[in-house]
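Close look at the chain arrangement
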Amino acid sequence: MNFNFQQDFPGIESITNDLLIPLLGKNSKIKNEDILKSHPDKIKDAQAANIESIYHVGEYDLGIDTLYVFEVVLNEKARIDYSRVNIQRAIRSLLLKFTAALIFFHYEDNKGDWRISYLYKDKSLSETTSAKRYTYILGKDKPSRTISERFSLLEKKEKTEKTVESFLEAFSVEVLTKQFYKELSDWYFWALKHVKFPEESKYIDDKNHEYRAKNLIRLLTRLLFIWFIKEKDLMPEELFDFGYLKLSKVISFL
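The structure reproduced in this document is the subject of the present report. (Residues numbered from 1 in each chain as written. Predicted model: local features only at pLDDT ≥ 70, side-chain atom pairs only at ≥ 80, totals over all residues. Heavy atoms only, no water.)

1. Focus: the packing of helix α5 (residues 145-155) against helix α6 (residues 164-171)
- Viewed as axis vectors pointing N to C, α5 and α6 meet at an angle of 150 degrees, and their least axial separation amounts to 9 Å. With respect to their mutual orientation, α5 and α6 come out roughly antiparallel. Our pair here, α5 against α6, has a crossing hand that is right-handed. Residues I147, R150, F151 and L154 of α5 pack against S166, F167, E169, A170 and F171 of α6.
- For the contact of α5 with α6, the class distribution of residues is six nonpolar, one polar and two charged. (Axes fitted to C-alpha atoms, helices over the stretch in contact; angles between N-to-C directions. Helix = DSSP H or I, 4+ residues; strand = E, 2+ residues; numbered from the N terminus. Parallel < 35°, antiparallel > 145°, perpendicular 65-115°, else oblique. Left-handed = near helix turned anticlockwise from the far one by under 90°. Contact = heavy atoms within 4.5 Å. Nonpolar A, V, L, I, M, F, W, Y, C, P; charged D, E, K, R; others polar.)

2. Brief notes about α5
- Every buried residue of α5 is listed here: T146, I147, S148, R150, F151, S152 and L154.
- Buried positions along α5 lie against α1 (12-24), β5 (114-120), β6 (132-138) and α6. (Buried < 20%, exposed > 50% of the residue type's maximum accessible area, 1.4 Å probe, protein only.)

3. Considerations on a negative patch on the surface
- Where like charges cluster on the molecular surface, the negative patch consists of E52, E76, E108 and D109.
- Within the element layout of this structure, D109 appears in the loop between β4 (100-107) and β5.
- A residue is classified by how much of its surface remains accessible, and D109, at 51% relative accessible area, is exposed. (Patch = residues over 30% accessible without salt bridge, like charges linked within 9 Å, V, L, I, M, F, W, Y side chains within 5 Å. Areas by Shrake-Rupley, 256 points an atom, 1.4 Å probe, with all protein chains shown as cover. Salt bridge = Lys/Arg side-chain N within 4 Å of Asp/Glu carboxyl O. Lys, Arg positive; Asp, Glu negative; His and termini not counted. Charge placed at Lys NZ, Arg CZ, Asp CG, Glu CD.)

4. Description of the packing of aromatic side chains
- Inspection of the entire model under this criterion finds nine aromatic pairs.
- Measuring from ring centre to ring centre gives 5.2 Å for F9 and W114, while their planes differ by 70 degrees; the resulting arrangement is edge-to-face. Taken together, the residues span a long stretch of sequence, with F9 in the segment before α1 and W114 in strand β5 at a distance of 105 residues. As far as the burial class goes, F9 and W114 line up, both buried. (Phe/Tyr/Trp six-rings, centres within 6.5 Å; stacked < 30°, edge-to-face > 60°.)

Any functional reading would require information that these geometric values do not contain.
Quick look at the structure:
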């Protein structure tokens with residue numbers, strides 16, 4: 001897979017021609033439907049999520065199923081890394097129409113970070129809005145090795161092997177790579193030198209070092225546990241949405 005994920009959003013035309021067609025072939029139906037024009041009832045939710053437009057870009061036949069492709073354009077007020085709750089609320093009703101979708105999120109000027117989400121809904125859940133969601137944040141300063149490997153894995157599959165389930169298998173890989181552990185280790189040893197915990201000043205020499213190390217390990221393990229249960233959808237996503245928490249704090253104060 002030669003596509004460069006480590007860049008500003010290259011435009012939906014480039015996504016189609018340089019990523020999707022080499023991956024899935026030309027067996028697609030080009031739609032380019034403006035969802036907010038054809039479904040004005042979604043405009044209010046879109047505005048609340050700082051969404052400027054939602055386009056149904058196209059559809060790709062994957063065996064007996066169809067992969068739907070959407071483009072979501074955000075205004076400058078949106079936080080592409082945090083504002084997931086409102087964004088999901090705005091597009092949630094779309095899940096009733098399909099089993100699987102690739103959604104590309106980016107800003108109006110195509111600058112800054114952008115996002116690829118794969119949404120998959122088991123057929124047994126066809127009457128609900130429940131779906132599995134897997135997301136990668138991309139951009140010039142974002143690591144792209146994992147997403148590149150995922151698409152390369154899909155590209156190497158035979159045509160008959162490219163199914164909505166194979167996309168699910170590719171995207172649901174746990175992003176706990178050597179790079180992740182190295183960054184975690186680097187941060188731990190940096191914090192061991194520079195971070196101070198309450199009451200550690202009463203310890204000296206080795207005891208001080210031991211006290212700080214134990215607290216850092218406790219902090220890291222608890223954060224990792226919280227992130228794990230969040231990724232497994234065992235906690236409401238609102239608890240990780242900065243905008244939602246900030247609004248809730250204001251509301252509770254009033």
